[in-house]
Amino acid sequence: MAVTVGLPGPVEEEEKAIYRGQLNLLPPTPASIALCQHAQRMIEEVFAPHDPRTAQHHLSVDEFVERAAAVKPRFIHDPQTRVLQKQYLKELGFDPDRTYLDVPRMRVVSSDGYLTSGVGHKQPPHRDTWWSAPMQQIQFWLPIFPMSRECSMEFYPHYVETGVENSSDDFNIYAWNARGRLKAAEHKQGEDKRGIPQPFAPLDHPAAVQVTLPVGGAVIFSANQLHATSDNVTGMTRFSIDFRIVDGEHVADGVGARNVDNGSTGTALRDFRRMSDEAQLPGEVVALYDIGDKPEDGILVFSSDVAERQKTERSPAETG
């Protein structure tokens, strides 16, 4: 597995190297710093009067989850978030007419087992392709506050081209959109039972590469890269941003990472919008990747409208 600083070659060629397992470490840019500061302000507001990084020492788990569950969708749907995301990609040289992007998401990982599932779920080793992500998907990850390797994420170089026995055969993104995504705030401790795809057994080769980045710095990697959330033992909650892109021409041409062990069905390609005009990928292109049956209650694209409708339809017993 190669680790490269910046995007030294043409973007389209760097993307192909990322499909093969390369990690690219990107230094901060004006737009990436602005994006992180935008997120910082939202987080500090919702956790006031506490420092968000140490709020877990002052709030009950229920109070912490309530605040975290409020700020995450606010960040996603704030119009300025999308503006800064696009500015960042333009600074890096991505072509607005062939780059399609998903919404940026905010992740929260508490320290020392305070919150272990749901909103603060610590991801076990996984590939995002197990979650019906396309083989052309490239992921960006940025810390919102200063970080160290003790609260990072980790990559497993041995498995770039080696499969892992896993539960992705049971994962369908349309079923997940209908039943799994909204229930994150209900899970606080213990095993997250929402059907998250993961390995059947501990990794035989657990040696990992961890990254440490400044605020506004990023690591970008393939959705086919096996990675996990590092154990956070810093005493402070980690907040980060991640988002995903695909190259529309690579999707249409079938250029991407090699599938070594993914059995998930459906496709997340409908989640992506073109940088230049927010258009979706052509339906005939998406259809090439839309494998498996669609559940009767399945939802092709999860949105804020879907989330509000699901909340309204849930019974008092479900909402507790």
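- As recorded in an unreviewed UniProt entry, the protein chain goes by the name Phytanoyl-CoA dioxygenase family protein, listed as coming from Croceicoccus marinus.

### Section: unusual backbone geometry
Next, step 1: Ala 48 connects to Pro 49 through a cis peptide bond whose omega is 10°.
Next, step 2: Assignment of secondary structure puts Pro 49 in the loop between helix H2 (30-47) and helix H3 (61-77).
Next, step 3: In this model, Asp 112 sits at a positive phi of 55°, which is unusual for a non-glycine residue.
Next, step 4: Along the polypeptide, Asp 112 turns up in the loop between strand S4 (105-109) and strand S5 (138-143).
Next, step 5: Given the relative accessible area of 53%, Asp 112 is considered exposed.
Next, step 6: In this structure, Ser 132 takes a positive phi of about 70° despite not being glycine.
Next, step 7: Structurally, the position occupied by Ser 132 is in the loop between S4 and S5.

### Looking at the sheet that holds strand S7 (residues 209-210)
Strand pairing in a sheet is mediated by backbone hydrogen bonds. Such pairs are either parallel or antiparallel.
Next, step 1: Taken in spatial order, the three strands make up an open sheet running S7-S6-S9, and their pairing is antiparallel. Only two strands of the sheet have a single partner each, and these edge strands are S7 and strand S9 (227-229).
Next, step 2: Across three bridges, strand S6 (residues 153-155) lies against S9 in antiparallel orientation. Residue pairing in the sheet places Glu 154 in a bridge with Ala 228 of S9.

### A word on the packing of H2 against helix H4 (residues 79-92)
Next, step 1: Taken N-terminus to C-terminus, the directions of H2 and H4 make an angle of 155°; their axes are 8 Å apart at the nearest point. Relative to H4, H2 is oriented roughly antiparallel. Crossing of H2 against H4: the hand is left-handed. Where H2 approaches H4, its residues Pro 30, Ala 31, Ser 32, Ala 34, Leu 35 and His 38 are matched on the opposing element by Gln 80, Thr 81, Leu 84, Gln 87, Tyr 88 and Glu 91.
Next, step 2: Classifying every residue of the contact of H2 with H4 gives six nonpolar, five polar and one charged.

The rules behind each value
Residues numbered from 1 in each chain as written. Predicted model: local features only at pLDDT ≥ 70, side-chain atom pairs only at ≥ 80, totals over all residues. Heavy atoms only, no water. Helix = DSSP H or I, 4+ residues; strand = E, 2+ residues; numbered from the N terminus. Buried < 20%, exposed > 50% of the residue type's maximum accessible area, 1.4 Å probe, protein only. Pairing = 2+ DSSP bridges. Axes fitted to C-alpha atoms, helices over the stretch in contact; angles between N-to-C directions. Parallel < 35°, antiparallel > 145°, perpendicular 65-115°, else oblique. Left-handed = near helix turned anticlockwise from the far one by under 90°. Contact = heavy atoms within 4.5 Å. Nonpolar A, V, L, I, M, F, W, Y, C, P; charged D, E, K, R; others polar.

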